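An overview of the molecular structure
Now for the letters of each chain:
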Amino acid sequence: MENRQADRCLVVSFGEMLIDFVPTVAGVSLAEAPGFLKAPGGAPANVAVAVTRLGGRSAFVGKLGDDVFGRMLAAILRDNGVVDAGITFDSGARTALAFVTLRKDGEREFMFYRNPSADMLLTESELNLDLIRSAAVFHFGSISLIAEPCRSAHLRAMEVAKEAGALLSYDVNLRLLLWPSPAEAREQIMSIWDQADIIKVSDVELEFLTDEASVEDEVAMKLWQPNLKLLLVTIGKKGCKYYTKDFHGAVESFAVQQVDTTGAGDAFIGSLLRKIVEDKSALQVSNMATIIILYQDENKLREILRFANACGAITATKKGAIPSFPNESEVMQLLERV
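The sections below set out a description of the structure shown in this document. The written sequence of each chain sets the order in which its residues are numbered from 1. Local features in this predicted model are restricted to residues whose pLDDT is 70 or higher, and side-chain atom pairs enter the listing and the counts only when it is 80 or higher, whereas totals over whole chains, interfaces and linings include all residues. To obtain the side-chain values, all non-hydrogen atoms of the structure were used and water was disregarded.

As a further point, take helix 2 (residues 43-53). Since the α-helix packs 3.6 residues into each turn, any two residues three or four apart lie on the same face. Within helix 2, 10 of the 11 residues are buried, leaving the element largely enclosed by the surrounding structure. For helix 2, the set of buried residues is Ala-43, Pro-44, Ala-45, Asn-46, Val-47, Ala-48, Val-49, Ala-50, Val-51 and Thr-52. Whether two residues touch is decided by their heavy atoms; if any such pair falls within 4.5 Å, the residues are in contact. Numbered from the N terminus, helices here are DSSP runs of H or I no shorter than four residues, and strands are runs of E no shorter than two. For helix 2, the secondary structure elements touched by its buried residues are strand 1 (10-14), strand 3 (36-41), strand 4 (57-65), helix 3 (68-79), strand 8 (137-140) and helix 9 (264-278). Following helix 2 by one or two positions, Gly-55 has its phi on the positive side, about 90°. Buried residues are those whose accessible area, probed at 1.4 Å on protein chains only, stays under 20% of the maximum for their type, while exposed residues exceed 50% and partly exposed ones sit between those limits.

If you want it as structure tokens, here you go:
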């Protein structure tokens, strides 16, 4: 109990970490790219670093290959202040790789090498349950739901975190190329929907899950479930929309020169979680068992989302995810300029 009390600001992020290879020239196909920049990636790991870059506390739970890339990624997490006690290594599988094509508009296309990669092979018995129980927020995506044994490990980790009183944060992070079929993706993504307290989807993911090419409120509310505290829909350079039980609205983003949108969504959700756990008016612990989001003050929520939008915007001005995440000073400079 003492350890849990000391870690009430800890964000534990679960899932994949990999190497992104980004073309040195934007707007070309992978075949046409003259070279690639190697960068750490993987949405859950990105979120963990986004939290620490802003002065918060985070940990990562996942499996890497026992290879030069896996050891490099673990070192990058440590160098960025992320607790690595939840990382395991697999000597029989490689660390996942992703080649990411940058189009002229800064958006991405993917080619993955993970058949299977180490992250897919994490088992329930390898979970650091004490670390998971110490979380104030337990954050995850949907890629870890694709294949066994990682899917069972994911479900067990969620169960343990929930029982320990953590807030469950779900960023869909849809990567259709990795799923057997769109139908399977939709079914598995929605299979844990009613367990999350915070859910973030992009406008593209909203369309995929609702089969509606719209970000109107009535479409977004099709994804609402009674256990949700906060539903977020990110709409790229336009900002985000938010929905709670009592109110909803939109917060505009910031005009920047986009170079690479890789990691912008991870910066957004990481900064949101960082602000939630530090702001006692937004996060309340009751009997050390239940964490309840208190967004009775809509202005407070809008302030947090404006900060998160700024983090996403700054990240999009540079190449790669982790190298582009801003610190608190950079975010405040942008907020003060507008």
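Moving on: the packing of helix 2 against helix 9. Where helix 2 contacts helix 9, the two axes come as close as 8 Å, and the packing angle between them is 50°. Looking at the two axes, helix 2 sits oblique to helix 9. Crossing hand, helix 2 versus helix 9: right-handed. Seen from helix 2, the contacting residues are Ala-43, Asn-46, Val-47, Ala-50 and Val-51; seen from helix 9, they are Asp-266, Ala-267, Ile-269, Gly-270, Leu-273 and Arg-274. Of the residues that constitute the contact of helix 2 with helix 9, the class distribution is seven nonpolar, two polar and two charged. Axis lines are fitted through C-alpha atoms, for helices just across the contact stretch, and the angle between N-to-C directions can take any value from 0 to 180 degrees. If an angle is under 35 degrees, it is roughly parallel; if it is over 145, roughly antiparallel; if it lies from 65 to 115, roughly perpendicular; otherwise it is oblique. A clockwise turn of the near helix away from the far one marks a right-handed crossing, whereas an anticlockwise turn of less than a right angle marks a left-handed crossing. Only Asp, Glu, Lys and Arg are considered charged in this grouping, and only Ala, Val, Leu, Ile, Met, Phe, Trp, Tyr, Cys and Pro are considered nonpolar; every other residue, Gly among them, is considered polar.

In this scheme Phe, Tyr and Trp rings, the latter by its six-membered ring, pair at centre separations within 6.5 Å, and the angle between planes marks the pair as stacked below 30 degrees, edge-to-face above 60, and tilted otherwise. What the rule picks out here adds up to 10 aromatic pairs. Taken together, a centroid distance of 5.7 Å and an interplanar angle of 70° make the contact between Phe-99 and Tyr-113 edge-to-face. Here the residue Phe-99 occupies a position in strand 6 (residues 97-102), and Tyr-113 occupies one in strand 7 (residues 108-113), the gap between them amounting to 14 residues. With 5.2 Å between their ring centres and 35° between their planes, Phe-140 and Tyr-170 make a pair best called tilted. Residue Phe-140 is found in strand 8, and its partner Tyr-170 is found in strand 9 (residues 167-171); the two are separated by 30 residues along the sequence. The burial state of Phe-140 is the same as that of Tyr-170; both residues are buried. An aromatic cluster of at least three residues, connected via ring pairs, comprises Phe-14, Phe-138, Phe-140, Tyr-170 and Trp-193. The ring of Phe-208 has Arg-186 sitting right over it, with the charged end atom 4.2 Å from the ring centre. Either the NZ atom of lysine or the CZ atom of arginine qualifies as a charge over a ring when it sits within 6 Å of the ring centre and within 35 degrees of the ring normal.

Attention now moves to the pattern of salt bridges. Here, a salt bridge means any side-chain nitrogen of Lys or Arg that lies within 4 Å of a carboxyl oxygen of Asp or Glu. Counting across every chain of the model gives 18 salt bridges. The residue Glu-212 makes a salt bridge to Lys-222 at a minimum N-O spacing of 2.8 Å. Taken together, the residues Glu-212 in the loop between helix 7 (203-210) and helix 8 (217-220) and Lys-222 in the loop between helix 8 and strand 11 (230-234) connect sequence positions 10 residues apart. Connected through salt bridges with shared partners, the residues Arg-274, Lys-275, Glu-278 and Glu-328 form a single ionic network.

Neither face of strand 12 (residues 240-243) is exposed, since Cys-240 and Tyr-242 on one face and Lys-241 and Tyr-243 on the opposite face are all buried. DSSP bridges decide pairing: two strands pair if at least two such bridges lie between them. By the bridge criterion, four bridges tie strand 11 to strand 12 in an arrangement that is antiparallel. Counted as the bridge partner of Val-233 is Lys-241 from strand 12. Connecting the antiparallel pair strand 11 and strand 12 is a turn made up of five residues, with Gly-236 showing a positive phi of about 60°.

That is the geometry; function is a separate question.
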